[in-house]
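Listed below, chain by chain, are the residues.
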Amino acid sequence: ETGVTQTPRHLVMGMTNKKSLKCEQHLGHNAMYWYKQSAKKPLELMFVYSLEERVENNSVPSRFSPECPNSSHLFLHLHTLQPEDSALYLCASSQDLLQGWSPLHFGNGTRLTVT
Amino acid sequence: GQQVMQIPQYQHVQEGEDFTTYCNSSTTLSNIQWYKQRPGGHPVFLIQLVKSGEVKKQKRLTFQFGEAKKNSSLHITATQTTDVGTYFCAGYAGGTSYGKLTFGQGTILTVHP
């Protein structure tokens, strides 16, 4: 049972749609992350938030828009996506950003398919 | 930028055989973490290595961090079917790379009963 909950588990959307992915962590952590996992590629860090403040934007296209209203919730707003954006999107949290010492706790992910 | 290479990409073993995956970084690491992802699941943290030459054990799993802090390995003794999954290493270079773990591409382990 993960302390990080992601919804929805699966999402199919057209290229003109707008949708949002939601992540909630129940671990009292201060840092939250979005990762993209594509087949045969390493996990790609997309965004990092610490205490609701974005500290890292890893050159992600503007069609992905993150939002962190508080330290427990993280959203990823999607619009005008491309088929190559189809992937597993993983949310993670960690106690803090202490120079990478804190292990990541991942959610179950949202399997996104862009048609 | 920093790169972390992991080999092999795939490994098929018979139950009871040993298994090793290797991780090499293009830069010296501050620490390295290992994760396991079961098929259809999400990555789960296994362990973190910090010191040069460090060796840690978890039951049948042995983790090593190289003397130069640029490579690491995970060795599983006498694999079981429950060991099936993808094993990832993730390195942290330190400095101002806040939260920026660089993951290897993973080794997919299949265990045949």
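Reading the values: the criteria
- Residues numbered from 1 in each chain as written.
- Chains lettered and ligands numbered in written order.
- Predicted model: local features only at pLDDT ≥ 70, side-chain atom pairs only at ≥ 80, totals over all residues.
- Heavy atoms only, no water.
- Helix = DSSP H or I, 4+ residues; strand = E, 2+ residues; numbered from the N terminus.
- Contact = heavy atoms within 4.5 Å.
- Areas by Shrake-Rupley, 256 points an atom, 1.4 Å probe, with all protein chains shown as cover.
- Lys, Arg positive; Asp, Glu negative; His and termini not counted.
- Charge placed at Lys NZ, Arg CZ, Asp CG, Glu CD.
- Pairing = 2+ DSSP bridges.
- Axes fitted to C-alpha atoms, helices over the stretch in contact; angles between N-to-C directions.
- Core = buried A, V, L, I, M, F, W, Y, C linked by side-chain atoms within 4.5 Å.
- Buried < 20%, exposed > 50% of the residue type's maximum accessible area, 1.4 Å probe, protein only.
- Buried area = accessible area lost by both parts, 1.4 Å probe.
- Salt bridge = Lys/Arg side-chain N within 4 Å of Asp/Glu carboxyl O.
- Nonpolar A, V, L, I, M, F, W, Y, C, P; charged D, E, K, R; others polar.
- Disulfide = S-S within 2.5 Å.

Asks: Please clarify how the overall build of chain A should be interpreted in this entry.
Replies: Per the secondary structure count, chain A includes zero helices and eleven strands. Along the chain direction, N to C, the helices and strands of chain A fall in the order β-β-β-β-β-β-β-β-β-β-β. Taken over the C-alpha atoms alone, chain A extends approximately 40 × 30 × 30 Å along its principal axes. For chain A, contacts bridging at least 24 residues in sequence account for 54% of all contacts bridging at least 6. Surface accessibility of chain A: about 5400 Å² in total, with carbon and sulfur atoms responsible for 49%. Charged side chains of chain A number 10 positive and 10 negative; the gap between the two group centres comes to 11 Å.

Asks: Mind showing me how you'd approach the sheet that holds strand β3 (residues 19-25) of chain B here?
Replies: Through backbone hydrogen bonds, the strands of a sheet pair up, either in parallel or in antiparallel fashion. Residue and element names in this part refer to chain B. One open sheet accounts for five strands, arranged β1-β3-β8-β7-β6; its pairing is antiparallel. If you trace the sheet from one side to the other, it starts and ends with β1 (4-7) and β6 (55-58), each paired once. Across the sheet, the mean angle separating the axes of adjacent strands is 15° when strand polarity is ignored. As paired elements, strand β7 (residues 61-65) and strand β8 (residues 71-76) share five bridges and run antiparallel to each other.

Asks: Before we go on, may I ask you to explain the nonpolar core in this structure?
Replies: Core analysis: the largest hydrophobic core is formed by 22 residues, its most contacted members being Trp34, Phe64, Leu76 and Leu78 of chain A. Elements with a contribution of two residues or more to this core: β2 (10-13), β3 (18-25), β4 (31-37), β5 (44-50), β7 (64-70), β8 (73-79), β9 (87-94) and β11 (110-114) of chain A.

Asks: Mind showing me how you'd approach the pairing of strand β5 (residues 43-49) of chain B here?
Replies: When a strand is regular, its side chains alternate between the sheet's two faces. Residues and elements named next belong to chain B. Of all seven residues making up β5, five are buried, and the element is well covered by its neighbours. Across six bridges, strand β4 (residues 31-37) lies against β5 in antiparallel orientation. Bridge pairing in β5 places Lys36 opposite Val44. From the end of β4 to the start of β5, which pair antiparallel, there are five residues, and Gly40 there has a positive phi angle of about 75°.

Asks: I'm lost on the interface of chain B and chain A in this one. Help?
Replies: A common measure of how large an interface is: the accessible area buried when the components associate. Taken together, the 23 residues of chain B in the interface contact 23 residues of chain A. Roughly 1900 Å² is buried in total at the junction of chain B and chain A, and carbon and sulfur atoms are behind 55% of that figure. Taken together, the connections running from chain B to chain A amount to zero salt bridges. Among the secondary structure elements, those contributing two or more residues to the side of chain B that touches chain A are β4, β5 and β9 (85-92) of chain B. Tallied by class, residues from the side of chain B that touches chain A come to ten nonpolar, twelve polar and one charged.

Asks: In this structure, what is going on with the pairing of β4 of chain A? I would like to understand it.
Replies: Residues and elements named next belong to chain A. Burial analysis of β4 places seven of its seven residues in the buried class, the great majority of the element. Side chains Ala31, Tyr33, Tyr35 and Gln37 of β4 all project onto a buried face; the interleaved residues Met32, Trp34 and Lys36 project onto the opposite face, where all are buried too. Bridge count for β4 against β5 is six bridges, and the pairing is antiparallel. Counted as the bridge partner of Lys36 is Glu44 from β5. Here seven bridges tie β4 to β9, and the two strands are oriented antiparallel to one another. Paired with Ala31 across the strands is Ser94, a residue of β9.

Asks: Looking at this structure, I do not really get the state of the cysteines. What am I missing?
Replies: Such a bond, covalent and formed between the sulfur atoms of two cysteines, is termed a disulfide. Residues and elements named next belong to chain A. Applying the stated criterion across every chain, the model contains two disulfides over all chains. Through a disulfide, Cys23 is tied to Cys91; the S-S separation comes to 1.9 Å. Since a negative S-S torsion denotes a left-handed disulfide, the Cys23-Cys91 link at about -75° is left-handed. Placement of Cys23 in strand β3 and of Cys91 in strand β9 is noted, with a sequence separation of 68 residues between them. Judged by relative accessible area, which is 0%, Cys23 ranks as buried.

Everything listed here is a matter of coordinates, which is why it stays silent on function.
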